[in-house]
Amino acid sequence: MILSRIKPAVGGETPVSISEKKKKNKTKVPRLEEYLQQRDYLGALTLLEFQRSIGEKEEHADLWIGFCAFHLGDYKRSMEEYKSLTMKPECPADVWVYLACVLFFLGLYKEAEEAASKAPVSPLQNRLLFHLAHKFNDEKKLMGFHQNLEDVTEDQLSLASIHYMRSHYQEAIDIYKRLLLQNRDFLALKVYVALCYYKLDYYDVSQEVLAVYLQSIPDSTIALNLKACNHFRLYNGKAAEAELKNLIDISSCSFEFAKELIRHNLVVFRGGEGALQVLPPLIDVIPEARLNLVIYYLRQDDVQEAYNLIQDLVPTTPQEYILKGVVNAALGQEIGSRDHLKIAQQFFQLVGGSASECDTIPGRQCMASCFFLLRQFEDVLIYLNSVKGYFYNDDTFNFNYAQAKAALGNYKEAEEIFLLIQSEKIKNDYVYLSWLARCCMYCHNNDSAVWLITEIFMQGKFIFQLLYL
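Throughout, a residue's number is its position along its own chain's written sequence, starting from 1. Selection of residues for local features in this predicted model requires a pLDDT of at least 70, selection of side-chain atom pairs for listing and counting requires 80 or more, and totals for whole chains, interfaces and linings are taken over all residues. Remark: hydrogens and water are excluded; side-chain values derive from all non-hydrogen atoms of the structure.

### Here we look at the overall build of the chain
Logical step 1: The numbering of helices and of strands both runs from the N terminus, where a helix is a DSSP run of H or I of at least 4 residues and a strand a run of E of at least 2. A tally of regular secondary structure across the chain gives 29 helices and zero strands.
Logical step 2: Expressed as a percentage of the 469 residues in the chain, the buried residues total 41%.
Logical step 3: Using a 1.4 Å probe, accessible areas were evaluated by the Shrake-Rupley method; residue-level cover was limited to the displayed protein chains. Summing over all exposed atoms, the chain offers an accessible surface of approximately 27,700 Å²; the carbon and sulfur share of this is 54%. For every residue, the accessible area obtained with a 1.4 Å probe (protein chains only) is divided by the maximum for its type, and the residue is called buried under 20%, exposed over 50%, and partly exposed between those limits.

Pasting the structure below:
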């Protein structure tokens, strides 16, 4: 390959070729339209700022600066540009709705609604108010703005996103697939479809859909992050972290949202490492940050801190209902509170009985947990048997499964399942040891089995409790 070189590595350029190149460079002037067509918003913003600094302002330069900053995720900069425009007497009326969109992305929903009300009626204003009604949980206004939506791409995308945020993932997929049939070059829709399949726990399907998009746009921040999340679900944290490295390499200094997302997901992929440093500032910035911090506290057996963090959260998604149920169940068991156990049981029943979750794995686990708290162990086994194929080596699942078996007198099966458990934390737990002792007594009914389990208890602090079995 080296011997076939045609272009010289050094020198070799004639004075004629050099002069021609200089002439071309002189005539080549970057144009804003070229940057925008290539979606190079950083390049466009740099050009606009340079032109502003030398007094050669592009027409509507301030509007374009706000636009580029918005698409780079620099919402504060965009807000400043649009706010300064609204103070000018010749300000275009549409600037108010642009400002409202920026305020929405900054989480300033009241201010966004106020700015949108000053804008002229338009499809963009309606879509924004539609999303604000969802944020304010105002169903009446939501339905009103819903009726104003038309059968055009932008409005249908807005409707699909509301479906997604309300956990109506199949409805969102239907809209995206219909739009894809009409516009096959709208490749970004494949990312949205992949996100929906991820939320439905179809991680392999999500990965297949995502691969098509990544072939065309290999440096997409959202797509690479979703790919890493799929790897985390399908394989493990190390595989996910390896995928996330690609995102770290391409993430620019101007894209703050990507940096926050990377820091958050690295904590999850590393099993909670650095959670107390990274997650607290991201609460209410990234929706999952609060939930993952609660999970971290639960894993550290700091149930009270987990409860303090989640008690004021009004759940709107199945994941939030489930986590509130888990925290209330853990706290109820820790302090002996029937009220917390009752709340947990209601949360589990609400998720497990819902039409959208009843046939999912988490939904069935919720119903099993509900009946476990009600001590209806026959019903517990119905639901656990339906999903046990997915949890063969899961110690927590086997711990609960064995307890349900033993509670119904199936001591031989319960003993076999108890002995599958590898977690030292569970194996040193009084509940585990007492149930295993009971299973040994009923299964073997001989002195050696009882003496063996007694020796286990004598090594710990549970020898006196053994007398009450």
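Next comes the rest of the description.
### Digging into the packing of aromatic side chains
Logical step 1: Any two rings among Phe, Tyr and Trp, with Trp reduced to its six-membered ring, count as a pair given centres within 6.5 Å; such a pair is stacked if its planes are under 30 degrees apart, edge-to-face if over 60, and tilted if neither. Inspection of every chain in the model, using the stated rule, returns 23 aromatic pairs.
Logical step 2: With centroids separated by 6.0 Å and ring planes inclined at 25°, the aromatic side chains of Phe371 and Tyr383 adopt a geometry described as stacked. A residue pair is termed long-range when its members are at least 10 positions apart, and Phe371 in helix H22 (residues 361-373) and Tyr383 in helix H23 (residues 377-387) qualify at twelve residues.
Logical step 3: Accessibility expressed as a relative area gives 16% for Phe371, which makes it buried.
Logical step 4: Using a relative accessible area of 26% as the deciding quantity, one classes Tyr383 as partly exposed.
Logical step 5: On the basis of an interplanar angle of 85° and a centroid distance of 5.3 Å, the ring pair of Phe372 and Phe377 is categorised as edge-to-face.
Logical step 6: In this structure Phe377 comes out as buried when scored by relative accessible area, which is 10%.
Logical step 7: We call a charge positioned above a ring when the Lys NZ or Arg CZ atom is no farther than 6 Å from the ring centre and deviates by at most 35 degrees from the ring normal. The cationic tip of Lys110 hangs over the ring face of Phe136; the distance from NZ or CZ to the ring centre is 4.8 Å.

### Thoughts on the packing of helix H7 (residues 109-117) against helix H8 (residues 123-135)
A packed helix pair is summarised by two numbers, namely the angle formed by the two axes and the spacing between the axes.
Logical step 1: A fitted line through C-alpha atoms represents every axis, and for helices the fit uses only the stretch in contact; the resulting angles, taken between N-to-C directions, go from 0 to 180 degrees. Contact geometry of H7 with H8 gives a least axis separation of 10 Å together with a crossing angle of 150°. Classified by the angle their axes make, H7 and H8 are roughly antiparallel. The way H7 lies across H8 gives a crossing that is left-handed. Here Tyr109, Ala112, Glu113, Ala116 and Ser117 of H7 come into contact with H8, specifically with Gln125, Leu128, Leu129, Leu132 and Lys135.
Logical step 2: Partitioning the contact of H7 with H8 into residue classes produces six nonpolar, two polar and two charged. Small angles under 35 degrees read as roughly parallel and large ones over 145 as roughly antiparallel, with 65 to 115 read as roughly perpendicular and the rest as oblique. A crossing counts as left-handed when the near helix is turned anticlockwise from the far one by less than a right angle, and as right-handed when that turn is clockwise. Whether two residues are in contact is decided by their heavy atoms, any of which lying within 4.5 Å being enough. Residue polarity follows a fixed list, in which Ala, Val, Leu, Ile, Met, Phe, Trp, Tyr, Cys and Pro are nonpolar, Asp, Glu, Lys and Arg are charged, and the others, Gly among them, are polar.

### Quick word on the environment of Tyr203
Logical step 1: Among the structural elements, Tyr203 can be located in helix H13 (residues 203-216).
Logical step 2: On the basis of relative accessible area, Tyr203 is assigned to the buried category, the value being 14%.
Logical step 3: Distance in space between the C-alpha atoms of Tyr203 and Leu234 is 6.8 Å, their sequence separation being 31 residues.
Logical step 4: When neighbours within four sequence positions are excluded, Tyr203 is seen to be in contact with Tyr197, Tyr198, Asn230, Arg233 and Leu234.

### Some thoughts on the environment of Ala93
Logical step 1: By the secondary structure assignment, Ala93 is in the loop between helix H5 (75-86) and helix H6 (95-105).
Logical step 2: Residue classification places Ala93 among the partly exposed positions, given a relative accessible area of 43%.
Logical step 3: As for Ala93 and Lys118, which are separated by 25 residues in sequence, their C-alpha atoms are 8.1 Å apart.
Logical step 4: Leave out the neighbours within four places in its chain, and Ala93 touches Ala119 and Pro120.

### Examining the nonpolar core
Logical step 1: For our purposes a nonpolar core is just a set of buried Ala, Val, Leu, Ile, Met, Phe, Trp, Tyr and Cys residues, chained together by side-chain atoms within 4.5 Å. Leu128, Phe130, Tyr176, Leu210 and Leu244 are the most contacted members of the largest nonpolar core, which totals 56 residues.
Logical step 2: In contact with Leu210, not counting residues within four places along its chain, are Val191, Ala194, Ala223, Leu226, Lys227 and Asn230.
Logical step 3: One finds Leu384, Phe397, Phe399 and Tyr401 within the second-largest nonpolar core, a separate group that totals 27 residues.

### Considering H5
One full turn of an α-helix is made of 3.6 residues, so residues set three or four places apart face in the same direction.
Logical step 1: To estimate how far a helix should extend, the number of its residues minus one is multiplied by 1.5 Å. Counted at 1.5 Å a residue, the expected span for H5 with its twelve residues is 16 Å, and the 16 Å between its end C-alpha atoms agrees.
Logical step 2: Residues Arg77, Ser78, Met79, Glu81, Tyr82, Leu85 and Thr86 constitute the buried set of H5.
Logical step 3: Against the buried residues of H5 lie helix H3 (41-53), helix H4 (61-71) and H6.

### Concerning helix H18 (residues 287-299)
Logical step 1: Listing the buried residues of H18 in full gives Ala289, Arg290, Leu291, Asn292, Leu293, Val294, Tyr296, Tyr297 and Leu298.
Logical step 2: Looking one or two places after H18, you find Asp301, whose phi comes out positive at around 60°.

### Regarding unusual backbone geometry
Logical step 1: A positive phi angle is found at Asp201, which is not glycine, with a value near 70°.
Logical step 2: Summarising the element assignment, Asp201 is placed in the loop between helix H12 (188-199) and H13.
Logical step 3: In the Ramachandran plot, Asp284 falls in the positive-phi region, its phi being about 70° despite a non-glycine side chain.

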